[in-house]
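Architecture at a glance
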Amino acid sequence: MREYLLTLCITAAVTYLLTGPVRKFAIVAGAMPEIRARDVHREPTPRLGGIAMFFGLCAGLLVADHLTNLSTVFDNSNEPRALLSGAALIWLIGVLDDKFEIDALIKLGGQMIAAGVMVMQGLTILWLPIPGVGNVALTQWQGTLLTVALVVITINAVNFVDGLDGLAAGMVCIASAAFFLYAYRVWVSYGIESAAPATLFAAILMGMCLGFLPHNMHPARIFMGDSGSMLIGLVLAAGAISITGQVDPDALKLFAGSEQAAVHQTVPVYIPLLLPLTIIAIPAADLVLAIVRRTWRGQSPFAADRGHLHHRLLEIGHSHSRAVLIMYFWSALIAFGALAYSVNSASMWIVLGVVVLSAIGLVLLLLPRFTPRAPMWAQRVVPPRYRRRVPVAEPAAATPQTPEGEAVPTPVGVAGVNGATALGARSHLLDRRKAGTPR
């Protein structure tokens, strides 16, 4: 555990320290696009934050390669090298997109090529644990297609949810934390070395997100851009592929009693990681809804709009920070709920706790629908938005006068409470002038 924590801290430190210089480089390079209709920020903000995150990834892998226990991951598996190859390719595509805004189909092709590069180096799904059936081996073509599909889905899910300051980095950090605990348990508790690469990937991914978050929290000083969002999506998918398709339930059945029991024991996290529906449940749901919404309108599935879940939270009245925290809450609830259920699926307390927290989440979600007001005795201790507003009467506008003491006529068309009076005074003044009455 200490070596994992050291790797995490080194990755976070490198990412954090490099983000400042990367921000200056992005400004000089002109990677500051104009504000678009779907954006929620008010000032042009530099992108290319993925540059710092990629070098944090490289630093984490380099440090792990020189540690006593983690170095065995590089000796016994080619998955870290496969991850680095695919990450370098997807990062390069993201950097080009942040600067030149390349076509969506080109990005999709690059994502598929990056996934294919990882498959060629051994990072692929070999089998699937199916409830009630057991271990189902996949052919080479089946494993390749499933691996590429999972990588592309995860990358785009994370990319779609990157719409608010700190949202994507925080949600992926929460998902990787839950994933790390699960993979570490499989490796240490069961002694299955095949889970070691996935555990390492999750620790490095947490460090990348934690190092970038201080610069990306609202108001963000820099965005990760596609170079960052696609990168962390690929790392998250690589960990899921490694532990889902490489860890054999035959090894787990020694602890569970049988292969089918082992599959049932690990289904709460195995199957959702494949789809994926728990670790990145919120981004995946946002991805599906976006595709359906855009296709229904006759648009391209990759056409940008303001219909994402975080945009809807802003529309119903949540502030920027509260919308991000609500997304954090639901991500943590789903990810850690699945993790707790995988540890002890027979406990009803876990199910009850998830139900109670879900009810609390719904209340927080619908909070802007009603405006609670604190009682009078608590007005001084609650935030201003919960205080009772006392209506203040507008003071009557003073009528300007001439040096002789007469009212100055108000021009026609000026709106106000005394508009009619001003017009009447002007008419009376004209009548007096016609009659020759001295002023």
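Let me begin by describing the structure that accompanies this report. (Residues numbered from 1 in each chain as written. Predicted model: local features only at pLDDT ≥ 70, side-chain atom pairs only at ≥ 80, totals over all residues. Heavy atoms only, no water.)

1. Focus: the overall build of the protein
For the protein, the count of helices and strands is 16 helices and 2 strands. Sequence separation of at least 24 residues holds for 72% of the intrachain contacts in the protein that already meet a minimum separation of 6. Of the accessible surface of the protein, which amounts to about 21900 Å², a share of 66% is contributed by carbon and sulfur atoms. (Helix = DSSP H or I, 4+ residues; strand = E, 2+ residues; numbered from the N terminus. Contact = heavy atoms within 4.5 Å. Areas by Shrake-Rupley, 256 points an atom, 1.4 Å probe, with all protein chains shown as cover.)

2. What to know about a nonpolar patch on the surface
Nonpolar side chains collect at one region of the surface, where Trp-349, Leu-352, Val-356, Leu-357, Ile-360 and Leu-364 lie side by side and expose about 590 Å² of accessible area between them. Relative to the assigned elements, Ile-360 resides in helix 15 (residues 348–365). Given a relative accessible area of 41%, Ile-360 falls into the partly exposed group. (Patch = residues over 30% accessible without salt bridge, like charges linked within 9 Å, V, L, I, M, F, W, Y side chains within 5 Å. Salt bridge = Lys/Arg side-chain N within 4 Å of Asp/Glu carboxyl O. Buried < 20%, exposed > 50% of the residue type's maximum accessible area, 1.4 Å probe, protein only.)

3. Remarks on the environment of Ala-175
Relative to the helices and strands, Ala-175 resides in helix 7 (residues 167–190). According to the relative accessible area criterion, Ala-175 is buried, its value standing at 1%.

4. Comments concerning the packing of helix 7 against helix 8 (residues 196–216)
Interaxial distance between helix 7 and helix 8 falls to 8 Å at its minimum, and their mutual angle equals 155°. Regarding the angle of helix 7 to helix 8, the classification is roughly antiparallel. When the axes of helix 7 and helix 8 are compared, the crossing they make is left-handed. Contact with helix 7, carried on its side by Ala-169, Gly-170, Val-172, Cys-173, Ser-176, Ala-177, Phe-179, Phe-180, Ala-183, Tyr-184 and Trp-187, involves Ala-196, Ala-198, Thr-199, Ala-202, Ala-203, Leu-205, Met-206, Cys-209, Leu-210 and Leu-213 of helix 8 and no other residues of that element. (Axes fitted to C-alpha atoms, helices over the stretch in contact; angles between N-to-C directions. Parallel < 35°, antiparallel > 145°, perpendicular 65-115°, else oblique. Left-handed = near helix turned anticlockwise from the far one by under 90°.)

5. Quick look at the nonpolar core
Counting 90 residues, the largest nonpolar core has Leu-57, Leu-200, Leu-231 and Leu-234 as its most contacted members. Of all the elements, helix 7 adds the most residues to this core, at 15 residues. The residues touching Leu-57, leaving out its near neighbours within four places in the chain, are Thr-11, Leu-83, Ala-87, Ile-204, Met-208 and Leu-231. (Core = buried A, V, L, I, M, F, W, Y, C linked by side-chain atoms within 4.5 Å.)

6. A word on the state of the cysteines
Under the definition given, this model contains 0 disulfides. Residue Cys-173 stays outside any disulfide, its sulfur separated by 5.4 Å from that of Cys-209, the closest cysteine. Taking the relative accessible area as the measure of exposure, Cys-173 reaches 11% and is therefore buried. (Disulfide = S-S within 2.5 Å.)

7. Points about unusual backbone geometry
Positive phi is not limited to glycine here, since Leu-48 has a value of about 65°. Structurally, Leu-48 is set in the loop between helix 1 (2–29) and helix 2 (50–65). The phi dihedral of Glu-101 falls on the positive side, at around 55°, and the residue is not glycine. Assignment of secondary structure puts Glu-101 in the loop between helix 4 (79–100) and helix 5 (104–120).

8. Side note on the side chain of Thr-147
Note on placement: Thr-147 falls in helix 6 (residues 140–161). Once you skip the residues sitting within four places of it in the chain, Thr-147 turns out to touch Val-119, Leu-123, Thr-124, Ile-125 and Ile-241.

9. Side note on helix 8
When the terminal C-alpha atoms of helix 8 are compared, their 30 Å separation across 21 residues agrees well with the 30 Å that a helix rising 1.5 Å per residue should span. Of all 21 residues that make up helix 8, 19 are buried, and the element is covered over most of its length. (Expected span 1.5 Å × (residues − 1).)

10. Observations concerning helix 5
Between its first and last C-alpha, helix 5 extends 24 Å over 17 residues, near the 24 Å set by a 1.5 Å rise per residue. The set of residues buried in helix 5 consists of Lys-107, Gly-110, Gln-111, Ala-114, Ala-115, Met-118 and Val-119. Residue Asp-103 occupies the N-cap position of helix 5, its side-chain oxygen lying 3.0 Å from the main-chain nitrogen of Leu-105. (Polar contact = N/O pair within 3.5 Å; in protein donor to acceptor, adjacent residues only side chain to side chain.)

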